[in-house]
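# Geometric and topological summary
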Amino acid sequence: MSIQQEVKTYWEGEAELYSEGIRQELNGFQRQAWLDLILEHAPQKETLKVLDIGCGPGFFSVILSSAGHLVTGIDCTDNMLEQARSHSDREGVTVTFRKMDSHVLDFGDDSFDLLVCRNVTWSLADPEAAYKEWKRVLKPGGRLLVFDANWNRHLVDDEMKEKREGDYRDYEAKGWGSPPRHIDWEESDRLSRLLPLTREWRPAWDVRTLEKEGFAKVYSKENLSSLVMDEREQLLTRSTPVFMVCAEK
């Protein structure tokens, strides 16, 4: 089994847990906060044709569709797509969801105004190939927005491991209990050690790679957690703040 197939199998089992988190975000301040952040850096068009890559339970798909944009959400797992359809149905929005490998997109050249993804690129077996493919389906002047963090750097970096343990200690000292975990933490760590971006410092790696792929304009914004996370999430991920990379074709 390839590493990407192993990753797919892992995320099938995480769908329900992640869906609950998405439900909370859809009902919280995060909904408007994320929408404002995305649209601030998106092409300025009244109606955008959007591709939500690795859509998971459909958070970006739902909020962008609710704002009047035409959204297609793709994911490689059936369970995530089932949860995404459930959220979109509950919200009463229309999103086209399709099962697809993020490395190989079944769309023509120059198909979308905006590509968005959150917490996806770190999990890719070949992120360079994915970025090349994502550029292909963007229209000229279209933009790619990547939101992610150095989530698993602690597995290969002792300094980051110490910082993460400090985050967790301070979280527990607040009286918030033990930090929430994946269903299968050991499997998550095992797979993360096999993935290339675990050993890269980001977003610097993303900026270099996207520039090499020929995007006309690339920039990053770091330390965005305070904009889109509540106090607990900010503390829990203090050493791995959210960043954004924007690349224009």
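For the structure, see preceding data.
As the structure is a computational prediction, the values presented were derived from the model and not from experiment.

## Quick notes on the overall build of the protein
Along the protein, the regular secondary structure elements total 10 helices and 7 strands. For the protein, the C-alpha atoms occupy an extent of roughly 50 × 40 × 35 Å along the three principal directions. In the protein, the proportion of contacts linking residues at least 24 apart, taken out of those at least 6 apart, comes to 76%. Accessible surface, the protein as shown: approximately 11,600 Å² in total, 45% of it carbon and sulfur. Of the charged side chains in the protein, 33 are positive and 45 negative; the average position of the first set lies 3 Å away from that of the second.

## Comments concerning the pattern of salt bridges
Side chains that differ in sign of charge can pair as their charged atoms come close. In the structure shown here, the tally under the stated rule is 21 salt bridges. We note a salt bridge from Arg98 to Asp106, for which the minimum N-O separation is 2.9 Å. A relative accessible area of 30% means that Arg98 is categorised as partly exposed. For Asp106, a relative accessible area of 53% puts it in the exposed group. Connected via shared salt-bridge partners are Glu6, Glu187 and Arg190.

## Re the state of the cysteines
According to the stated counting rule, one finds 0 disulfides in the structure shown. Take Cys76: it sits in no disulfide, and the sulfur closest to it among the cysteines is that of Cys55, at 9.7 Å. Given the relative accessible area of 23%, Cys76 is considered partly exposed. Cys117 takes part in no disulfide bond, and the closest cysteine sulfur to it belongs to Cys55, at a distance of 11 Å. Take Cys117: its relative accessible area is 0%, and that puts it in the buried class.

## Considerations on the packing of helix 1 (residues 3-26) against helix 3 (residues 59-66)
Closest axis-to-axis distance for the helix 1/helix 3 pair is 10 Å, and the angle between their directions is 30°. As judged from the angle between their axes, helix 1 and helix 3 are roughly parallel. In terms of crossing hand, the pair formed by helix 1 and helix 3 is right-handed. Contacts between helix 1 and helix 3 involve Ile22, Glu25 and Leu26 on the former and, on the latter, Phe59, Val62 and Ile63. Its residues placed into classes, the contact of helix 1 with helix 3 shows 5 nonpolar, no polar and 1 charged.

## Here we look at the packing of helix 1 against helix 2 (residues 30-41)
It is the contact of helix 1 with helix 2, at a shortest axis distance of 6 Å, that shows an interaxial angle of 85°. Considering the angle they form, helix 1 stands roughly perpendicular to helix 2. Of the residues in helix 2, those in contact with Gln24, Glu25 and Leu26 of helix 1 are Gln30, Arg31 and Trp34. Here the residues of the contact of helix 1 with helix 2 sort into 2 nonpolar, 2 polar and 2 charged.

## Things to note about the side chain of Thr72
By secondary structure assignment, the location of Thr72 is in strand 2 (residues 70-75). Looking at Thr72, the relative accessible area reads 13%, which means it is buried. Contact partners of Thr72, with chain neighbours within four places excluded, come to Val50, Leu51, Asp52, Thr96, Phe107 and Phe112.

Reading the values: rules and limits
- Residues numbered from 1 in each chain as written.
- Predicted model: local features only at pLDDT ≥ 70, side-chain atom pairs only at ≥ 80, totals over all residues.
- Heavy atoms only, no water.
- Helix = DSSP H or I, 4+ residues; strand = E, 2+ residues; numbered from the N terminus.
- Contact = heavy atoms within 4.5 Å.
- Areas by Shrake-Rupley, 256 points an atom, 1.4 Å probe, with all protein chains shown as cover.
- Lys, Arg positive; Asp, Glu negative; His and termini not counted.
- Charge placed at Lys NZ, Arg CZ, Asp CG, Glu CD.
- Salt bridge = Lys/Arg side-chain N within 4 Å of Asp/Glu carboxyl O.
- Buried < 20%, exposed > 50% of the residue type's maximum accessible area, 1.4 Å probe, protein only.
- Disulfide = S-S within 2.5 Å.
- Axes fitted to C-alpha atoms, helices over the stretch in contact; angles between N-to-C directions.
- Parallel < 35°, antiparallel > 145°, perpendicular 65-115°, else oblique.
- Left-handed = near helix turned anticlockwise from the far one by under 90°.
- Nonpolar A, V, L, I, M, F, W, Y, C, P; charged D, E, K, R; others polar.

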